[in-house]
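# Commentary on secondary and tertiary structure
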Amino acid sequence: EEEFKWLLQEEVHAVLKQLQDILKEASHRFALPTSGSGGAIKQENFVLSPSGTDQVKGVLTLQGDALCQADVNLKMPRNNQLLHFAFREDKQWKLQQIQDARNHVNQAIYLLMNRDVNYQFKTGLEVLKLMDAVMLQLSRARNRLTTPATLTLPEIASSGLTKMFTPALPPDILVNFYINLNKLCLTVYQLHVLQPSTTKNFKPAGGSILHNPGAMFEFGNQRYEVSHVHKVECVVPWLNDALVFFTVSLQLCQQLKDKISVFSSYWNYRPY
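What counts and how
- Residues numbered from 1 in each chain as written.
- Predicted model: local features only at pLDDT ≥ 70, side-chain atom pairs only at ≥ 80, totals over all residues.
- Heavy atoms only, no water.
- Helix = DSSP H or I, 4+ residues; strand = E, 2+ residues; numbered from the N terminus.
- Axes fitted to C-alpha atoms, helices over the stretch in contact; angles between N-to-C directions.
- Parallel < 35°, antiparallel > 145°, perpendicular 65-115°, else oblique.
- Left-handed = near helix turned anticlockwise from the far one by under 90°.
- Contact = heavy atoms within 4.5 Å.
- Nonpolar A, V, L, I, M, F, W, Y, C, P; charged D, E, K, R; others polar.
- Disulfide = S-S within 2.5 Å.
- Buried < 20%, exposed > 50% of the residue type's maximum accessible area, 1.4 Å probe, protein only.

With that settled, the discussion passes to the environment of phenylalanine 30. Mapped onto the secondary structure, phenylalanine 30 falls in helix 1 (residues 2-31). Along the chain, phenylalanine 30 and cysteine 185 lie 155 residues apart, while their C-alpha atoms are 18 Å from each other.

What follows is the structure, encoded as structure tokens:
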């Protein structure tokens, strides 16, 4: 009983403090303020590395959760024509996955800081509930980075992203940016128009993270088929750090839950 009391009063608070420290580090990774600049977020450039294709090259500039510049060269396979397009000066693209992940981390920190060091935990159940709530936020933060949104091709075509480039994207090109684990990914879809006389069975593709050649869709009274897909990506080191912090924090939460459960089951089932 004394040991359980000590666990509730001392060790739980030690673990909460440790979790707060780790998650504050994770939160700082997302904010990335530069030193001495009044909290301004620094810009970082990343070179896109092709995976099996050299037809798309470029540099992406990330500023916290915003893609503030994209400079992309695309070599068209049909005629080897080189296209160059970049974000307009006045445009930047918010990466909702990063924004959401940061919000979940901050929510987890808020839950932990709600109990100050003088707070007395009365029962093991109270600690288990707190750990479950924190773990839920951390799992959601991790899932936002590891699970990109599934989009249909018309959703990609109508996204505000298509209107951000100068020169304007040609009508037979679609682009999509997303986060996958610790990588910032760019997918370029080349399309060809399906003529009304085509004998192909038209079957619109559903939602997907990555659409394959042959996928069909209808947009603006026109039917298209994806002819080529180019996926390029770059590693964002601080996203990797954040994912490690999430894993370590979830393990700490689980270890504390396991200890509490062992004590609780002992009290529930001890012989009289």
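Axes are the key here: two packed helices are described by the angle between their axes and the distance separating the axes. At a minimum axis separation of 12 Å, helix 1 and helix 3 (residues 124-146) run at an interaxial angle of 15 degrees. On the basis of their axis angle, the class for helix 1 and helix 3 is roughly parallel. Where helix 1 crosses over helix 3, the handedness of that crossing is left-handed. Across the interface between the two elements, Phe4, Leu8, Val12, Leu16, Leu19, Leu23 and Phe30 of helix 1 pack against Gly124, Val127, Leu130, Met131, Leu138 and Leu145 of helix 3. Among the residues making up the contact of helix 1 with helix 3, the classes are represented as twelve nonpolar, one polar and no charged.

On to the state of the cysteines. With the rule as written, the count across this model stands at zero disulfides. No disulfide involves cysteine 68; its nearest neighbouring cysteine sulfur is the one of cysteine 234, lying 13 Å away. Cysteine 68 sits in the buried class, given a relative accessible area of 13%. Cysteine 185 takes part in no disulfide bond, and the closest cysteine sulfur to it belongs to cysteine 234, at a distance of 7.8 Å.

Here the focus is unusual backbone geometry. Cis geometry is found at the peptide bond from threonine 166 to proline 167, where omega equals -10 degrees. Take proline 167: it is sitting in the loop between strand 7 (165-166) and strand 8 (173-180). A positive phi angle is found at leucine 181, which is not glycine, with a value near 60 degrees. Leucine 181 gets classed as partly exposed once you look at its relative accessible area, which sits at 41%. The phi dihedral of asparagine 221 is positive, around 60 degrees, even though this residue is not glycine. Tracing the backbone shows asparagine 221 in the loop between strand 10 (216-219) and strand 11 (222-235). With relative accessibility at 79%, the residue asparagine 221 sits in the exposed group.

Don't take any of this as a statement about function, it's just geometry.
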